Amino acid sequence: MHYIDPHGIYYLGPKGSFSHEAAIKFLGSIKGKLNDVATIANVFDSIKSVNDVGVVPIENSIEGPVNETLDNLYIHNNIYINAIIHLPIKLVLASSSAKKISDIKRVYSHYYAYKEAQNKLLKIGIKDVIPVESTSKAAIMSSKDYSSAALCSLFAAKLYNLNILADNLQDHINITKFAVISKKMNYRGKRTTILFTVPDRPGGLFKILEIFYRNNINLTMIYSRPLKSIPWHYYFYVEYEGSINFSLLNKIRQNTPILKIKGSYMVK
């Protein structure tokens, strides 16, 4: 496939992030250069040619779709999804020097990671954390603060040489889907994603959903997002089973003002 030896691989950083872990999981054996960037929008903007790829979170099993990723897929007409990676999110408590939990004076964590592990943290005596912008940032902070610990991924803990004090701290099964994106569209795969708007009239969305029903095609995700250009108007993100079917898409195009095909892809 076209991303076997990309010129550059861009992911939401900093190093040690779940996006970094997903990038290595799917693309780590190739020679492309890994580049961490500050935002999801930066990942999209960094893809300059068909030889570049990006890795961005697209949906979480607990929190739902990642709106910034969906909006950038809508904005960037020439960027497509090439693969979806499922990454289990497992949290650990790790420290650069502490040997036991009672040695910890401070804990760094992203707010959502803390909320996801709050019940188990309370059981081991951790009541409060210092909020930082990401779990990888928490690992970086703890690597420099010898009286602290980080709530982060095992991947980040190993990357920053932290000792694991407690593991599997997440309260629920937590999986994040990451999208591998590029300027190359794939036409065959297990899933296909499209984005579209509907006419502002009764039955506008029903007309499109009926097409999937009549063609016996299963929708695996449907989500609406506000259009930035027109208040109180929306676009729809739809993922369905199967490859690109141009006969199907032509029927949809006849019932929607805007249709954007984001490609077919494998799911790992």
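Fair warning: this is a prediction, and the values are worked out from it, not measured in the lab.

## A word on the overall build of the protein chain
Here is step 1 of the chain: Looking only at helices and strands, the protein chain features 8 helices and 15 strands.
Here is step 2 of the chain: For the protein chain, the C-alpha atoms occupy an extent of roughly 65 × 40 × 35 Å along the three principal directions.
Here is step 3 of the chain: The proportion of buried residues among the 268 residues of the protein chain is 49%.
Here is step 4 of the chain: The long-range fraction of contacts in the protein chain, counting pairs at least 24 apart against all pairs at least 6 apart in sequence, stands at 77%.
Here is step 5 of the chain: Of the roughly 13,300 Å² that the protein chain leaves accessible, carbon and sulfur atoms contribute 53%.
Here is step 6 of the chain: Charge-centre separation for the protein chain: the mean point of 33 positive side chains lies 4 Å from the mean point of 20 negative side chains.

## Some thoughts on the side chain of Ser-109
Here is step 1 of the chain: With respect to the secondary-structure elements, Ser-109 resides in strand β7 (residues 106-109).
Here is step 2 of the chain: Looking at Ser-109, the relative accessible area reads 0%, which means it is buried.
Here is step 3 of the chain: When neighbours within four sequence positions are excluded, Ser-109 is seen to be in contact with Tyr-114, Val-129, Ile-130, Pro-131, Val-132, Ala-138 and Leu-151.

## Some points on the sheet that holds strand β10 (residues 163-166)
Here is step 1 of the chain: Strand order in this open sheet of 5 strands is β8-β7-β9-β6-β10, and the pairing throughout is mixed. Sheet topology places β8 (130-131) and β10 at the edges, where each strand pairs with a single neighbour.
Here is step 2 of the chain: Bridge count for strand β6 (residues 91-95) against strand β9 (residues 148-153) is 4 bridges, and the pairing is antiparallel. Residue pairing across strands places Val-92 opposite Cys-152, the latter belonging to β9.

## Re the nonpolar core
Here is step 1 of the chain: Among the nonpolar cores identified, the biggest contains 30 residues, and Val-55, Leu-93 and Leu-169 are the most heavily contacted of them.
Here is step 2 of the chain: By residue number, the principal contributor to this core is helix α1 (residues 18-27), which donates 5 residues.
Here is step 3 of the chain: Among residues more than four places away in sequence, those in contact with Val-55 are Tyr-10, Tyr-11, Leu-12, Ser-19, Ala-22, Ala-23, Leu-27, Val-43, Phe-178, Ala-179 and Val-180.

## Observations concerning the pairing of strand β1 (residues 8-12)
Here is step 1 of the chain: Along β1, 5 of the 5 residues are buried, which leaves the element largely enclosed by surrounding structure.
Here is step 2 of the chain: Of the two faces of β1, the one carrying Gly-8, Tyr-10 and Leu-12 and the one carrying Ile-9 and Tyr-11 are both buried.
Here is step 3 of the chain: Bridge analysis of β1 against strand β2 (residues 33-37) gives 5 bridges, and the strand direction is parallel. Bridge pairing links Tyr-10 to Asn-35 in β2.

## Let's talk about the UniProt feature "domain: ACT" (unreviewed entry) in the protein chain
Here is step 1 of the chain: The sites that UniProt annotates as "domain: ACT" (unreviewed entry) are residues 193-268.
Here is step 2 of the chain: Summarising residues 193-268: 25% helix, 39% strand, and an end-to-end C-alpha distance of 16 Å.

## Re the packing of aromatic side chains
Here is step 1 of the chain: Using the criterion set out here, one finds 5 aromatic pairs in the structure.
Here is step 2 of the chain: When the centroid spacing of 5.5 Å and the interplanar angle of 70 degrees are considered together, the rings of Tyr-111 and Tyr-112 count as edge-to-face.
Here is step 3 of the chain: The lysine or arginine in question, Lys-260, covers the ring of Tyr-74, its NZ or CZ lying 3.8 Å from the ring centre.

Criteria and thresholds
- Sequence positions are assigned chain by chain, starting from 1 and proceeding in written order.
- Given that the model is predicted, a residue must reach a pLDDT of at least 70 before its local features are reported, and side-chain atom pairs must reach 80 or more before they are shown or counted; all residues, however, enter totals for whole chains, interfaces and linings.
- Calculation of side-chain values draws on the structure's entire complement of heavy atoms; hydrogens and water are dropped beforehand.
- A run of H or I in DSSP becomes a helix once it reaches four residues, and a run of E becomes a strand once it reaches two; helices and strands are each numbered from the N terminus.
- Throughout this description, buried means an accessible area under 20% of the type-specific maximum (1.4 Å probe, protein chains only), exposed means over 50%, and partly exposed covers the range between.
- The contact criterion used throughout is that any non-hydrogen atoms of two residues lie within 4.5 Å.
- Under the convention used here, a 1.4 Å probe and the Shrake-Rupley method define accessible areas, while residue burial counts only the protein chains that appear.
- The positive count covers Lys and Arg only, the negative count covers Asp and Glu only, and His and the chain ends enter neither.
- Where a charge lies is defined by one atom per residue type: Lys uses NZ, Arg uses CZ, Asp uses CG and Glu uses CD.
- At least two DSSP bridges between two strands are needed for those strands to be called paired.
- Nonpolar cores were defined as sets of buried Ala, Val, Leu, Ile, Met, Phe, Trp, Tyr and Cys residues, with membership established by side-chain atoms within 4.5 Å.
- UniProt positions are given in the numbering used here, feature names are shortened, and annotations may be inferred rather than shown by experiment.
- Each aromatic pair joins two rings of Phe, Tyr and Trp (for Trp, the six-membered one) with centres within 6.5 Å, and gets the label stacked for planes under 30 degrees apart, edge-to-face for over 60, and tilted for any other angle.
- The criterion for a charge sitting over a ring is simple: Lys NZ or Arg CZ within 6 Å of the ring centre, and within 35 degrees of the ring normal.

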